[in-house]
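Remarks on the overall topology
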Amino acid sequence: MPEWLEAGLWGSVAGGALVVGAAVAWWVKVPARWIAMIMAFGAGVLISALSFELMDEAERAGGLLPAAAGFLAGACAYVAANALLARYGARHRKRSGDQQPSEADVQGSGAAIAIGALLDGVPESVVLGLSLVGGGKIGLAVLAAVFISNVPEGLSSAAGMKRAGRGARYVFGIWGGIALASGLAALLGNLTMQSASPAVTAVIMGVAAGAILAMVADTMIPEAFERAHTLTGLVTTIGFLAAFAVERLAE
């Protein structure tokens, strides 16, 4: 199988976890507290993955300066885009309660939420594609981290969409589209980085890591803390440790 095609398939698999989470939220009434704890676990998993699989690898590949520059650029770009989308109703796109606006409340909020979901998922998928460049193997720890974190993201956001009165066609159209876009992002990430220098690779990985950390802090942890309160730190720690163990056992 061509390397770029394999990257696309793995990206789609990871993105497919969003559809799984959305399906659970749509057909099963999951207590808000459980959603919050799953979200906290997913946040810990992502923090671990971006620490050991992204920033560590970026620094080793191209040095501290390119990795740090990419990291800050990714965080700034995500925060700027997120602030813009928040003005159109996408601020609470990962919230499972009544915070998400309906289209009647904020015109254009549906499109903003869709774009926001895409913004959240692309950096993770690009990293999956990068891990296969040069005949490498898929990063098991990153794949597990993205998949595990995508389930509560899809679950929480779909629950909020349902409460806001959005229909099944919209909800599953969004997450199905994001899953396909995740596969495309992984595929393009692999193709475009085939001949990249170590410094460029470090910058790209740093950008992805910075964007992911900003996303975790801006959207996942607030949802987790609102419902889980004092348990948030413990559950996030467990998620971090689980991903760290997967990364070490996969070596």
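As recorded by an unreviewed UniProt entry, the chain carries the name ZIP family zinc transporter and is attributed to Nonomuraea angiospora.

This part covers a nonpolar patch on the surface. On the surface, a nonpolar cluster with roughly 680 Å² of combined accessible area is contributed by M1, W4, L5, L9, L184, L188 and L191. Listed by contribution, the elements that provide at least two residues to the nonpolar patch are helix 1 (3-27) and helix 6 (168-192). Along the chain, L5 falls in helix 1.

Under the present numbering, the feature "transmembrane region" (unreviewed entry) in UniProt falls on residues 7-28, 34-52, 64-85, 126-149, 170-189, 195-216 and 228-246. Between the end C-alpha atoms of residues 34-52 there is a gap of 27 Å, over a span that is 100% helix and 0% strand.

Per-residue confidence for the chain gives a mean pLDDT of 83; residues scoring 70 or more make up 89%. Between the elements of the chain, mean pLDDT differs from a low of 75, seen in helix 4 (residues 109-130), to a high of 92, seen in helix 3 (residues 64-86).

Compared with the 34 Å implied by 1.5 Å per residue over 24 residues, the 35 Å span of helix 5 (residues 140-163) between its first and last C-alpha is a close match. For helix 5, the buried fraction is high: 17 of the 24 residues fall into the buried class. G165, located one to two residues past helix 5, shows a positive phi value of around 90°.

So, on to the environment of W27. The topology assignment puts W27 in helix 1. Through-space distance from the C-alpha of W27 to that of A159 is 9.8 Å; in sequence the pair is 132 residues apart.

Let us look at the pattern of salt bridges. Note that side chains of opposite charge can pair when their charged atoms are close. In total, this model carries one salt bridge according to the counting rule given. When the shortest N-O distance is used, the salt bridge between R60 and D56 registers 3.0 Å. With R60 and D56 both in helix 2 (residues 32-62) and four residues apart, this pair spans about one turn of that helix. In this structure D56 comes out as partly exposed when scored by relative accessible area, which is 27%.

Attention now moves to the packing of aromatic side chains. All told, the structure shown has four aromatic pairs when counted by the stated rule. Between the aromatic rings of W26 and F172, the centroid separation amounts to 6.1 Å while the plane-to-plane angle is 70°, which identifies the pairing as edge-to-face. Pair noted here: W26 is in helix 1 and F172 is in helix 6, with a separation of 146 residues, a long-range link. Judged by its relative accessible area of 16%, W26 falls in the buried class. Owing to a relative accessible area of 22%, F172 belongs among the partly exposed residues under this scheme. Summarising the aromatic geometry, the rings of F52 and F240 are spaced 5.8 Å apart at their centres and angled 65° between planes, so their arrangement reads as edge-to-face. In this pair, F52 is assigned in helix 2 and F240 in helix 8 (residues 232-249), connecting sequence segments 188 residues apart. Its relative accessible area of 24% is what places F52 among the partly exposed residues.

About the cut-offs
Residues numbered from 1 in each chain as written. Predicted model: local features only at pLDDT ≥ 70, side-chain atom pairs only at ≥ 80, totals over all residues. Heavy atoms only, no water. Patch = residues over 30% accessible without salt bridge, like charges linked within 9 Å, V, L, I, M, F, W, Y side chains within 5 Å. Areas by Shrake-Rupley, 256 points an atom, 1.4 Å probe, with all protein chains shown as cover. Salt bridge = Lys/Arg side-chain N within 4 Å of Asp/Glu carboxyl O. Helix = DSSP H or I, 4+ residues; strand = E, 2+ residues; numbered from the N terminus. UniProt positions renumbered as here; feature names shortened; annotations may be inferred. pLDDT = per-residue confidence, 0-100. Expected span 1.5 Å × (residues − 1). Buried < 20%, exposed > 50% of the residue type's maximum accessible area, 1.4 Å probe, protein only. Phe/Tyr/Trp six-rings, centres within 6.5 Å; stacked < 30°, edge-to-face > 60°.

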